[in-house]
Amino acid sequence: MMAHLWQRDARHEDVRRINIYLLRLLYSLMFFVLGHSTWNEILTHQGPWAPDEAVAWTVWTAFATLAGLGILRPVKMLPILLLEVFYKVLWLAIVAYPLWSNGTLAGSPAEGTTYAFLWVVLAIVAVPWGHIAKAYFTWPKKAQPA
């Protein structure tokens, strides 16, 4: 049974089944958990929005909603996971790490976001990096004439 998890799945561009299952789990968490909180914030917000705050909430809501497509088409929606990995790792590197290395992260306004963003490890594990390299960083081979 466990060997089944490591087989490549032709229905999903030859990505390993374990990655497909992990991707679907991740997309489901994003769609249901993040989507619940973001849609709730948007639908119950009172008064005018601060522009920067509205951008954050609308981007996260769109992100969570698009994750619903990832449940159905996990490989096709990989770009939203790449965006998630990139922005979270970048934020951790330029905001959280300097605070942590100076001993000032604990109790700072960035502490809560840091703990939330550390869950990016799930996305890093779930993403089929070999497929990413092949699909996005190599040129397709030309067909040989018959």
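Throughout, residues of each chain are indexed from 1 in the direction in which the sequence is written. Reporting of local features is limited, given that this is a predicted model, to residues whose pLDDT is at least 70; pairs of side-chain atoms are given and counted only at 80 or more, and all residues count toward the totals for whole chains, interfaces and linings. Only hydrogens and water are set aside when side-chain values are computed; all heavy atoms of the structure are taken into account.

Novice: Explanation requested: the nonpolar core in the structure shown.
Specialist: Joining through side-chain atoms within 4.5 Å is the link that ties buried Ala, Val, Leu, Ile, Met, Phe, Trp, Tyr and Cys residues into a set, and such a set is a nonpolar core. Buried, partly exposed and exposed residues are distinguished by accessible area as a fraction of the type maximum, computed with a 1.4 Å probe on protein chains only: under 20%, between the cut-offs, and over 50%, respectively. Grouped together as the largest cluster of nonpolar side chains are 22 residues, with contacts concentrated most on L23, L26, Y27, M30, L78, I80 and L81. Among the secondary structure elements, those contributing two or more residues to this core are helix 2 (17-44), helix 3 (51-72), helix 4 (78-101) and helix 6 (120-126). Secondary structure elements are taken from DSSP: a helix is a run of H or I of four residues or more, a strand is a run of E of two residues or more, and numbering for both begins at the N terminus. A per-element tally of this core places helix 4 first, with 6 residues. Contacts of M30, omitting those with residues within four sequence positions, involve G35, F63, A64, A67, I80, L81 and E84. It only takes one pair of heavy atoms within 4.5 Å for two residues to be counted as in contact.

Novice: What should I look at first to understand the pattern of salt bridges in this one?
Specialist: Side chains that differ in charge, positive against negative, can pair when their charged atoms come close. Any Lys or Arg side-chain nitrogen located within 4 Å of an Asp or Glu carboxyl oxygen qualifies as a salt bridge. Under the counting rule described, the total for this entry stands at 1 salt bridge. K88 is the salt-bridge partner of E84, the closest N and O atoms lying 2.9 Å from each other. Of the two residues, E84 and K88 both sit in helix 4, 4 residues apart, roughly one turn of that helix. Accessibility classification places E84 together with K88 in one group, the buried group.

Novice: How should I be thinking about the environment of R17 in this particular structure?
Specialist: Counting through the fold element by element, R17 comes out in helix 2. R17 sits 16 residues away from V33 along the chain, and the two C-alpha atoms are 24 Å apart.

Novice: What should I look at first to understand the packing of helix 3 against helix 4 in this one?
Specialist: Angle between the axes and distance between the axes are the two parameters that describe a pair of packed helices. To obtain each axis, a line is fitted to C-alpha atoms, and for helices this fit is confined to the stretch in contact; angles are then taken between N-to-C directions over 0 to 180 degrees. Where helix 3 contacts helix 4, the axes come no closer than 10 Å and their chain directions differ by 140°. As far as their axial angle goes, helix 4 and helix 3 are oblique. Classified by chirality, the crossing of helix 4 by helix 3 is left-handed. For the pair helix 3 and helix 4, contact is made by W60, F63, L66 and A67 and by I80, E84 and Y87, respectively. In terms of residue class, the contact of helix 3 with helix 4 is made up of 6 nonpolar, no polar and 1 charged. Roughly parallel means an angle under 35 degrees; roughly antiparallel means over 145; roughly perpendicular covers 65 to 115; every other angle is labelled oblique. Note: crossing handedness is left-handed where the near helix turns anticlockwise from the far helix by less than a right angle, and right-handed where it turns clockwise. Just so you know the grouping, Ala, Val, Leu, Ile, Met, Phe, Trp, Tyr, Cys and Pro go in nonpolar, Asp, Glu, Lys and Arg go in charged, and all remaining residues, Gly too, go in polar.

Novice: Help me out: how do you make sense of helix 3 in this one?
Specialist: What sets the pattern is the α-helix's 3.6 residues per turn: residues three or four places apart point alike. If you check helix 3, its first and last C-alpha atoms are 33 Å apart, about what 22 residues at 1.5 Å a residue would give, namely 32 Å. By the burial criterion, the buried members of helix 3 are A54, W57, T61, F63, A64, A67, G68 and G70. Buried positions along helix 3 lie against helix 2 and helix 4. By definition here, a helix of n residues has an expected span of 1.5 Å times n minus one.

Novice: Help me out: how do you make sense of a nonpolar patch on the surface in this one?
Specialist: Like-charged residues within 9 Å of one another, or nonpolar side chains (Val, Leu, Ile, Met, Phe, Trp, Tyr) within 5 Å, are grouped into patches, provided each residue has over 30% relative accessible area and no salt bridge. Surface accessibility in these figures is a Shrake-Rupley result with a 1.4 Å probe; residues are shielded only by whichever protein chains are displayed. Together, L22, L25, L29, F32, V33, W119, V121, L122 and V125 line one region of the surface with nonpolar side chains, adding up to about 890 Å² of accessible area. When residues of the nonpolar patch are traced back to their parent elements, those giving at least two are helix 2 and helix 6. At 5 residues, the largest contribution of residues to the nonpolar patch is made by helix 2. The topology assignment puts V125 in helix 6.

Novice: Explanation requested: the layout of surface pockets in the structure shown.
Specialist: One water molecule sets the probe size; rolling that probe over the atoms shows where empty space is left. Cavities and pockets were defined on a 1 Å grid built over protein atoms only: a cavity is a set of grid points that admits a 1.4 Å probe from which the probe cannot escape, a pocket is an open set flanked by protein on both sides within 12 Å along at least five of seven lines, and lining residues are those with an atom within 4 Å of any such point. Grid points are joined across faces, edges and corners, and a volume is the space filled by probe spheres set on the points. Taken as a whole, the largest pocket encloses approximately 510 Å³ of empty space. Around the largest pocket, the lining comprises 20 residues; the ones closest to its centre are V33, L34, E84, K88 and A116. When contributions to the lining of the largest pocket are tallied by element, the ones reaching two or more residues are helix 2, helix 3, helix 4, helix 5 (111-117) and helix 6. Looking at the lining of the largest pocket, the element that brings in the most residues is helix 2, giving 7 residues.

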